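Structural description and commentary
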Amino acid sequence: MLEKIKARLNIPASVTVYDQEITDLIEHAKFDMLEGGVPQSMIDAETAPVINTIAMFVKIQMADDSKESTRFEKLYEQSVFRLSLMTEEG
C-alpha cells in the first residue's frame, strides 16, 4: 500500500525519506476508518476507494496549508461515511 499512497502523493518510489511517516499515517487512517464504521474486510481488501480515502488522510496530515488540509478533510470524512454505508459485498 505504501507504494500506491506515495504514487497518489506524487512522491517517486525512489524517495524513501518519508516512508516511515507515511506508513504510520496509513495505519492511523485504517484505524480511523475502522472507528468510522468501515468494515475491516473492506479496509483489508485495499480497493481503489479505500486507497483513495487513505491517501486523503495522509494528504491532510502532510498538507502545507490549511485551505488544502480543510478541503481534503471534508472529502475524507465524506468518503469514510460513504464507505461505512457499504455492505461487505459491495
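The structure we're discussing is the one just above.
Rules behind the numbers
- Residues numbered from 1 in each chain as written.
- Predicted model: local features only at pLDDT ≥ 70, side-chain atom pairs only at ≥ 80, totals over all residues.
- Heavy atoms only, no water.
- Core = buried A, V, L, I, M, F, W, Y, C linked by side-chain atoms within 4.5 Å.
- Buried < 20%, exposed > 50% of the residue type's maximum accessible area, 1.4 Å probe, protein only.
- Helix = DSSP H or I, 4+ residues; strand = E, 2+ residues; numbered from the N terminus.
- Contact = heavy atoms within 4.5 Å.
- Axes fitted to C-alpha atoms, helices over the stretch in contact; angles between N-to-C directions.
- Parallel < 35°, antiparallel > 145°, perpendicular 65-115°, else oblique.
- Left-handed = near helix turned anticlockwise from the far one by under 90°.
- Nonpolar A, V, L, I, M, F, W, Y, C, P; charged D, E, K, R; others polar.

Considering the nonpolar core
If you look at the biggest cluster of nonpolar residues, it comprises 25 residues, and the most contacted ones within it are I5, I26, M33 and I54. Taken together, the elements giving at least two residues each to this core come down to α1 (2–8), α2 (19–35), α3 (40–45), α4 (48–62) and α5 (66–85). In terms of residue count, the dominant contributor to this core is α4 (eight residues). Each residue touching M33, except ones within four places of it in the same chain, is listed here: V38, I43, V50, T53, I54, Y76, V80 and L83.

Points about unusual backbone geometry
Positive phi, close to 60 degrees, is recorded for N10, a residue that is not glycine. Phi angles above zero are rare outside glycine, and E46 is one such case at about 50 degrees. Overall, E46 belongs to the partly exposed group, its relative accessible area being 26%.

Describing the environment of Y18
You can see Y18 is positioned in the loop between α1 and α2. For Y18, a relative accessible area of 39% translates into the label partly exposed. If we skip the residues at most four places from it in the chain, Y18 touches I11 and M62.

Topic: the environment of I60
Relative to the helices and strands, I60 is located in helix α4. Considering only alpha carbons, one finds I60 and T70, ten residues apart in sequence, at a separation of 7.5 Å. Beyond its immediate chain neighbours, meaning those up to four positions away, I60 contacts S69, F72, E73 and Y76.

Considerations on the packing of α2 against α4
It is at 9 Å that the axes of α2 and α4 come closest, and there the two elements cross at 120 degrees. On the basis of the axis angle, α2 is oblique to α4. Helix-helix and strand crossings are classified by hand; for α2 and α4 the assignment is right-handed. Where α2 approaches α4, its residues E21, I22, L25, I26, H28, A29, K30, D32 and M33 are matched on the opposing element by V50, T53, I54, F57, V58, Q61 and M62. In terms of residue class, the contact of α2 with α4 is built from ten nonpolar, three polar and three charged.

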